[in-house]
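What the coordinates show
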Amino acid sequence: MKCTRLIALTCSVIAASPALAQAPDAASDTTTFRLPAVRVEVSRLGVGGIPLARTPFGAAVIDAEELQRSPSLTIADALGRLPGVALADELGSAYQPDLVLRGFSVSPVVGLPQGVSVFVDGVRINEPDASQVNFTLVPFADLERIEVLRGPSGPFGKNTLGGAVNLVTRRGGPQPFVNAEASFGSFGQLEGRAQVGGQRGPFDYYISGRYRQEDGWRDASYTRTAQVFAKGGWTNGNTDVWLSYTFATDSLLQAGSVPITWLQSRDSIPPRWRNTDDARKINFTGGDFFGPTMHFLNAQLTQRLSPQTELKANAFFRSNDIEQFNANFTEPDTRLLTDIRSVGGTVQLAHVRGDLQIDGGIEYAFNDVEITIFDHPNENYPTIDPEGELSEDVGTKEHNVGAYIQARYMPNPRLAFTGMLRYDYVSLPFRDFLEPENDGDNTFNQFTGALGVDYVLRPGVVGFASYGRGFRAPTIMELACADPDDPCPLPYELGADPPLDPVTTDTWQAGLRLFQGPFSADIVGFWSEVHDDIFHVQPHGARTGYFQNIERTRRQGLELGLAYQPNESFRLYGAVGLTRATFQTTARLSAPYSDDDDDDFDDDDDLVVAFDDDDDDDEPLVEPPEVRPGHVFPMVPAIRANVGATYRAGPLRLGLEVSHVGSQWLRGDEDNTEEELKLDPYTLVDISAEYRLFDRMTVFANIQNVFDVEYNTFGVLTLNHLNDINSPRVEPFVTPGFPRRATIGLRYRL
């Protein structure tokens, strides 16, 4: 069946375990109303889904074929091609990007407010210590599809402010296969992967392995990632069971950011780094390291109780041991060990009766987290024990309970109403194993939900609108540093501080989807009012801060996707996202240039601004930003766009994509006072090609940043102690983006 593509996405075949009776809208959608058959799961464990064309909120699906051809390093890169999604690189590692969806972040950076939920086969993978997501731990090469649901929706629970990302892994099928792929490329890149799958009677199996390494284009930025994924299933009549296991281990060196003055003039580079041939390569804190090791066991049961009723249940165990080392300059080096053990499950019942589809469930998750921090010596702190000195040892045993129900009602084939309601209870105690008097307990409970309507205006044209309420519970890191009377520079001086309120958001969105012959389009507008957003704030004149609720912030924008495919050989697509994220409350935030709590530096020393031509030694202390209603969030581009084309001619396939990212305010400039320092907009061109040599063998190649554009993907205002440790200056630090890089490889299928 030929399927019109939506927003530059390919079709997705949703594999069926014992299937619930067909939803009432399916047949009329594909025949009478000429809508695509692609479906998207909007319940926690999936019950056949809602047609993608008729979801009452922004949604998208990326299938396995699209993922296989993508030069993406992680799922974040694949998601970055969707409208309303932008990427940045704070850590200086292409494998650890920050992703922003509708102005809400999901990132591996601890301490960055996280507003997007990410699930693998129904299990939340936001880490419980700070709700961050480590993209490298996802079995990217083993995904059947990626589903993106924009805005809060009841079934997905906490952290679903900007949306939810649902990752569905592959299973073996009736046709046995063996896939192998090897590639190499710029900066010492080497990758190999293999996949085996099939079915024997009622049993199916899928096993894969992947290894990737590269030297990195910047100094001390070596990367190694390794994964093993296995999934086995059994289907017999009305019963389907599967069990999966994921092992992932990484070794990532992070290059971080560099002072922008070093990129502008070699004379400003201190002598120890001046012999570099390219200032963008400098890693002045060589040794920053991130090394997680994860084991993830997941099982799911599907039992059809009747043609209209289906029971689903899952259970999981996940462990993640993370070792992280931060090389510092104005404070001791630190080694952080985080041990996470999570276990839980979900039970869901779904029923279809006539025009009504309803499902509901309960879920539980337990997270055992321990965070240990050691100080280590460096050139400015040489007296610390080389073996490390224990500075923090804290933890939590978190309990999460959720219950949800959702329904979809179709009074006639054109019109459908969708409603969702969820209740969450979170118990998050804080335990200080070094100073038990700091122990404390925190509990949160919240109702969330959504209401939506979609209507087929005419064949191939669907309009929709919805309202959703989401919430985010504070993390242990935020709760441990929330006392105005005892501010702290994270991750130090943690304690049981006054409780924070959960973040809540009210989101309205409406849109139109068109499917007219070879042309398809999707346009969505959204408006989100966020209450009690959590930010790191700072008292007047202080160098330390604390987390605090800010009464109101806002996200609003427009997302547009277009696709044109007149035949099987040629396809043209494009996407544009316009996003405006603003503060709506007056508050003084903390700033990276005033977080220094080092007693060896006098708090009364004057700080000068490196970018101020009129600065002198008598310039007063630089104050942290004071935001007011209308000030724009940093690191959220107002526009993100891409356009691309693919062409097939026999065994040859060619691809071209042009992407554009608009200017962005620097972190630390939340009050928008330094417009001349904003990150410049940039435009990149990528090309790809593949050629089928034989029936089973394909050679492929891609070049990213074809014109070798020099650009910066992240920026922050902070103190530069590197040029003169006794007279630090405030200036922009930026993370340079990747230069031109190429990959060539061979793909074999048996």
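Residues numbered from 1 in each chain as written. Predicted model: local features only at pLDDT ≥ 70, side-chain atom pairs only at ≥ 80, totals over all residues. Heavy atoms only, no water.

Comments concerning the overall build of the protein chain
Note the following rule: Numbering of helices and strands runs from the N terminus, with a helix taken as a DSSP run of H or I at least four residues long and a strand as a DSSP run of E at least two residues long. The cut-offs for exposure are 20% and 50% of the maximum accessible area for each residue type, with area from a 1.4 Å probe on protein chains only; residues under the lower value are buried, those over the upper are exposed, and the others partly exposed. With residues, only the protein chains shown are counted as cover, and all accessible areas are computed by Shrake-Rupley using a 1.4 Å probe.
Looking only at helices and strands, the protein chain has 5 helices and 39 strands in total. Expressed as a percentage of its 750 residues, the buried residues of the protein chain come to 60%. Accessible surface, the protein chain: about 28400 Å² in total, of which carbon and sulfur atoms supply 56%.

Let's talk about the confidence of the model for the protein chain
Cut-off, in case you're wondering: The predictor's confidence in any single residue is recorded as pLDDT, a number from 0 to 100. Here, two residues are considered to be in contact whenever any of their heavy atoms come within 4.5 Å of each other.
Mean pLDDT for the protein chain: 87, with 85% of residues reaching 70 or above. The model gives residues 489-497 a pLDDT under 50, and that stretch makes 43 contacts with residues more than four places away or in other chains. Here residues 595-621 is a poorly scored stretch, pLDDT under 50, and it has 59 contacts once near neighbours within four places are set aside; other chains count.

Regarding the environment of Tyr711
Inclusion rule: Within 3.5 Å is the distance limit for a polar contact, defined as a pair of N or O atoms, with the added protein rule that one can donate a hydrogen and the other accept it, and that residues adjacent in sequence qualify only through two side-chain atoms.
Relative to the elements of secondary structure, Tyr711 occurs in the loop between strand S36 (697-704) and strand S37 (712-720). Residue class for Tyr711 comes out buried when judged on its relative accessible area of 13%. Put simply, Tyr711 and Thr735 are 24 residues apart on the chain and 8.7 Å apart in space, counted from C-alpha to C-alpha. Side-chain polar atoms of Tyr711 contact the backbone nitrogen of Phe738, separated by 3.3 Å.

Brief notes about the environment of Asn328
Structurally, Asn328 can be placed in the loop between strand S18 (309-326) and strand S19 (333-353). Excluding residues that lie within four positions of it along the chain, Asn328 makes contacts with Asp333, Thr334 and Asn378. At 3.5 Å, the side chain of Asn328 and the backbone oxygen of Asn326 are in polar contact.

Details of the pairing of strand S22 (residues 415-427)
Note the cut-off: Think of it this way: DSSP has to see at least two bridges between two strands before they count as a pair.
Direction of pairing for strand S21 (residues 389-412) relative to S22: antiparallel, over a ladder of 12 bridges. Residue pairing for S22: Tyr404 is matched across the bridge by Arg422. A loop of 2 residues connects S21 with S22, the two strands running antiparallel in sequence. Summarising the sheet, S22 and strand S24 (residues 443-458) pair through 13 bridges and their orientation is antiparallel. Paired with Tyr425 across the two strands is Asn445, which belongs to S24.

Quick notes on the packing of aromatic side chains
Quick reminder of the rule: Stacked, edge-to-face and tilted are the three classes for Phe, Tyr and Trp ring pairs, Trp counted by its six-membered ring, which pair at centre distances within 6.5 Å; planes under 30 degrees apart are stacked, over 60 edge-to-face, the rest tilted.
All told, the structure shown has 15 aromatic pairs when counted by the stated rule. Seen in terms of ring centroids, Phe119 and Phe156 are 5.4 Å apart; in terms of plane orientation they differ by 55°. Their pairing is tilted. One end of the pair, Phe119, is in strand S7 (residues 116-120); the other, Phe156, is in the loop between strand S9 (143-150) and strand S10 (163-169), and 37 residues separate them in sequence. Side by side, Phe119 and Phe156 carry an identical accessibility label, which is buried. Aromatic pair Tyr467 and Trp508: ring centres 5.4 Å apart, planes at 45°, arrangement tilted. Within this pair, whereas Tyr467 is found in strand S25 (residues 461-472), its partner Trp508 is found in strand S26 (residues 503-516), the two being separated by 41 residues in sequence. An aromatic cluster is built from Trp262, Trp273, Phe284 and Phe733, whose rings are joined through pairwise contacts.

A closer look at the sheet that holds strand S5 (residues 98-101)
To keep things clear, this is the line we draw: Every axis corresponds to a line fitted to the C-alpha atoms, with the helix fit spanning only the stretch in contact, and the corresponding angles, defined between N-to-C directions, vary from 0 to 180 degrees.
Spatially, S4-S5-S6 is the arrangement adopted by the 3 strands of the open sheet, whose pairing is antiparallel. Looking along the sheet, the strands with just one partner apiece sit at the ends: strand S4 (85-88) and strand S6 (104-106). Direction aside, neighbouring strands of the sheet carry axes that sit 25° apart on average.

As for the sheet that holds S7
Pairing is mixed across the open sheet formed by 5 strands, whose spatial order is S3-S9-S10-S7-S8. Here the strands that pair on one side only, and so sit at the sheet edges, are strand S3 (59-63) and strand S8 (123-124). One ladder, built from 5 bridges, connects S7 with S10; its direction is parallel. Within the sheet, the bridge partner assigned to Val120 lies in S10 and is Leu167.

Describing unusual backbone geometry
Positive phi, close to 65°, is recorded for Ser131, a residue that is not glycine. In this structure, Ser131 sits in the loop between S8 and S9. Ser131 sits in the buried class, given a relative accessible area of 7%. With a phi close to 55°, Asn705 is a non-glycine residue in the positive phi region.

Some remarks on the pattern of salt bridges
In plain terms, the rule: Basic side-chain nitrogens of Lys or Arg form a salt bridge, by our definition, when they fall within 4 Å of a carboxyl oxygen of Asp or Glu.
Enumeration over the complete set of coordinates arrives at 38 salt bridges. One salt bridge in this structure joins Lys231 and Asp121, with 3.7 Å as the shortest N-O distance. Here Lys231 is found in strand S14 (residues 223-236), whereas its partner Asp121 is found in the loop between S7 and S8, with 110 residues between them in sequence. We note that Lys231, like Asp121, is buried. Between Arg341 and Asp321 there is a salt bridge, and its shortest N-O distance comes to 2.8 Å. Pair noted here: Arg341 is in strand S19 and Asp321 is in strand S18, with a separation of 20 residues, a long-range link. Accessibility expressed as a relative area gives 33% for Arg341, which makes it partly exposed. Connected through shared salt-bridge partners, Glu65, Arg69, Glu181, Glu191, Arg193, Arg210, Arg212, Glu214, Arg648, Glu690 and Arg747 make up one network.

Examining the nonpolar core
The cut-off we apply is this: The term nonpolar core refers to a set of buried residues drawn from Ala, Val, Leu, Ile, Met, Phe, Trp, Tyr and Cys, joined through side-chain atoms within 4.5 Å. How far each domain reaches was decided by an automatic or database domain assignment.
The biggest cluster of nonpolar side chains holds 46 residues, and the ones touching the most others in it are Ile75, Leu79, Leu99, Leu143, Ile146 and Leu167. With 4 residues, helix H3 (residues 75-79) is the single largest residue contributor to this core. Counting the residues that make up this core, at least three belong to each of domain 1 (39-167) and domain 2 (169-595 + 626-749). Core analysis: the next-biggest nonpolar cluster, separate from the first, contains 19 residues, Val258, Ile269, Phe284 and Leu722 among them.

A word on the side chain of Arg212
Here Arg212 is to be found in strand S13 (residues 203-214). When its relative accessible area of 6% is taken as the criterion, Arg212 is described as buried. There is a polar contact of 3.3 Å between the side chain of Arg212 and the side chain of Gln189. Leaving out residues up to four positions away in the same chain, Arg212 has contacts with Leu73, Tyr95, Gln189, Leu190, Glu191, Thr223, Arg224 and Thr225.

Thoughts on the environment of Pro386
By secondary structure assignment, the location of Pro386 is in the loop between strand S20 (356-376) and S21. Pro386 sits in the exposed class, given a relative accessible area of 64%. Between the C-alpha atom of Pro386 and that of His376, which follows or precedes it by 10 residues, the distance is 6.1 Å. Discounting residues that sit within four places of it in the chain, Pro386 has contacts with His376 and Pro377.

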